[in-house]
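# Overview (structure and organization)
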Amino acid sequence: MPNDASSDQLIQSLTRKGIQDQRVLAAIAKIPRERFVLDEDAEEAYVDTALPIDCGQTISQPYIVALMTQAFELTGDETVLEIGTGSGYQTAILSQLCRHVVSIERHEALAQTAQSTLSDLQITNVSYRLGDGTLGCAELGPYDGILVAAAAPKVPQSLVNQLRNGGRIVIPVGEESSQSLILATRTPQQLRVEKLCDCRFVKLIGAEGWPASDG
Ligand code: SAH
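Given the structure is predicted, the values throughout are model-derived calculations rather than measurements.

Turning our eyes to something else, we now look at the overall build of the protein. From N to C terminus, the protein includes six helices and nine strands. In terms of C-alpha radius of gyration, the protein reaches 16 Å, essentially the compact-globule figure of 17 Å for 215 residues. Viewed in the frame of its principal axes, the protein has a C-alpha envelope of about 50 × 35 × 35 Å. Split into buried and exposed, the 215 residues of the protein put 52% on the buried side. Long-range contacts, defined here as pairs at least 24 residues apart, represent 53% of the contacts in the protein between residues at least 6 apart. Side chains of the protein give 17 positive and 27 negative charges; the mean places of these two sets differ by 7 Å.

Written out as structure tokens, the structure is:
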């Protein structure tokens, strides 16, 4: 547990910005973000900002991690699919709040580092997959929640198909340079869509994302 003033300041800052779910705030207070950033950025680990990680990717801003997690209204029984393991920070937060997390990453180096960080932290309720997360992971579904941590041109249909009725997907959708963070709930008839905020994520690359030219 990060037991210092900077972690407290991060929690205060998230509260000021409107994060209200106490379970989400408690998970953020508990997980040491300095373990997920590059060594040279350790001093900024509790600043509310995105930071670079390997493979040209980023660890998401804590406010966005909190907002996305809060949108699921997790009670502890759920199975959540995460696309874009990255550093594993968001994975670690989800692992505290639901029964099981399935996390998919396309960069092997990131997947390996994240897996070893979470194992050091004794987090055991996560299944890791390497590959194209736009296609989901049907064999471990259906899911109560799907969190996509990279920007998509549209909501991937494969992911919608793996959501339970009443399940929620939180995903940045839009152009490469700016997106809307949306919360969509699957109902028997349709997807009910609500916008949470404007945002900017790295690209979701894959069959139902952007083509793989870079990133
Ligand atoms: N939540 C992570 C975010 C990492 S950035 C964190 O805070 O550390 C987004 C991640 O999505 C990158 O690691 C990128 O490699 C990954 N990604 C992009 N497209 C993907 C795809 N189709 N399947 C799986 N991972 C993907």
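By nearness alone, 25 residues border the ligand, and Ser60, Ser87, Glu105, Gly133 and Ile205 come closest of all. Measuring from a nitrogen atom of the ligand, one finds a backbone N or O atom of glycine 131 at 3.4 Å. Separating a nitrogen atom of the ligand from a backbone N or O atom of glycine 133 is a distance of 2.8 Å. Summarising the interface, the protein chains cover 99% of the accessible area of the ligand, which totals 580 Å² for the free molecule. Among the elements of the structure, β2 (58–59) and β4 (100–105) are those that each provide at least two residues to the shell around the ligand. In terms of residue class, the shell around the ligand is made up of nine nonpolar, twelve polar and four charged.

Moving on, we come to the environment of glycine 145. Inspection of the secondary structure assignment puts glycine 145 in strand β6 (residues 143–148). Along the primary structure glycine 145 and cysteine 98 are separated by 47 residues, whereas in three dimensions their C-alpha atoms are 9.9 Å apart. Not counting residues up to four positions away in its chain, the partners in contact with glycine 145 are Phe72, Thr79, Val80, Leu81, Leu163 and Arg168.

A few words on the packing of aromatic side chains. With the rule as written, the count across this model stands at one aromatic pair. Ring centres of phenylalanine 36 and tyrosine 89 lie 5.5 Å apart, and the angle between their planes is 70°; this geometry places the pair in the edge-to-face category. Separated by 53 residues along the polypeptide, phenylalanine 36 in the loop between α2 (22–30) and β1 (51–52) and tyrosine 89 in helix α4 (residues 89–97) bring together distant segments of the chain. The exposure class of tyrosine 89 is buried, given its relative accessible area of 2%. In this arrangement the basic side chain of arginine 33 is found over the ring face of tyrosine 89, its NZ or CZ atom lying 5.6 Å from the centre.

Attention now goes to the sheet that holds strand β9 (residues 191–199). As summarised here, the arrangement of the seven strands in space is β5-β4-β3-β6-β7-β8-β9, forming an open sheet in which the pairing is mixed. Edge strands, defined here as strands with exactly one partner in the open sheet, are β5 (126–130) and β9. The sheet shows a mean angle of 15° between the axes of neighbouring strands, direction not considered. Inspection of the sheet shows strand β7 (residues 163–174) paired to strand β8 (residues 179–186) by seven bridges, in the antiparallel sense. Among the inter-strand pairings, valine 170 is bridged to a residue of β8, identified as leucine 183. Its contacts with the sheet place helix α3 (residues 62–70) against β6, β7, β8 and β9, and it is angled at close to 165° to β9.

Thresholds applied
Residues numbered from 1 in each chain as written. Predicted model: local features only at pLDDT ≥ 70, side-chain atom pairs only at ≥ 80, totals over all residues. Heavy atoms only, no water. Helix = DSSP H or I, 4+ residues; strand = E, 2+ residues; numbered from the N terminus. Rg over C-alpha atoms; globule rule 2.2 N^0.38 Å. Buried < 20%, exposed > 50% of the residue type's maximum accessible area, 1.4 Å probe, protein only. Contact = heavy atoms within 4.5 Å. Lys, Arg positive; Asp, Glu negative; His and termini not counted. Charge placed at Lys NZ, Arg CZ, Asp CG, Glu CD. Near = heavy atom within 4 Å. Polar contact = N/O pair within 3.5 Å; in protein donor to acceptor, adjacent residues only side chain to side chain. Areas by Shrake-Rupley, 256 points an atom, 1.4 Å probe, with all protein chains shown as cover. Nonpolar A, V, L, I, M, F, W, Y, C, P; charged D, E, K, R; others polar. Phe/Tyr/Trp six-rings, centres within 6.5 Å; stacked < 30°, edge-to-face > 60°. Lys NZ or Arg CZ within 6 Å of the ring centre and 35° of its normal. Pairing = 2+ DSSP bridges. Axes fitted to C-alpha atoms, helices over the stretch in contact; angles between N-to-C directions.

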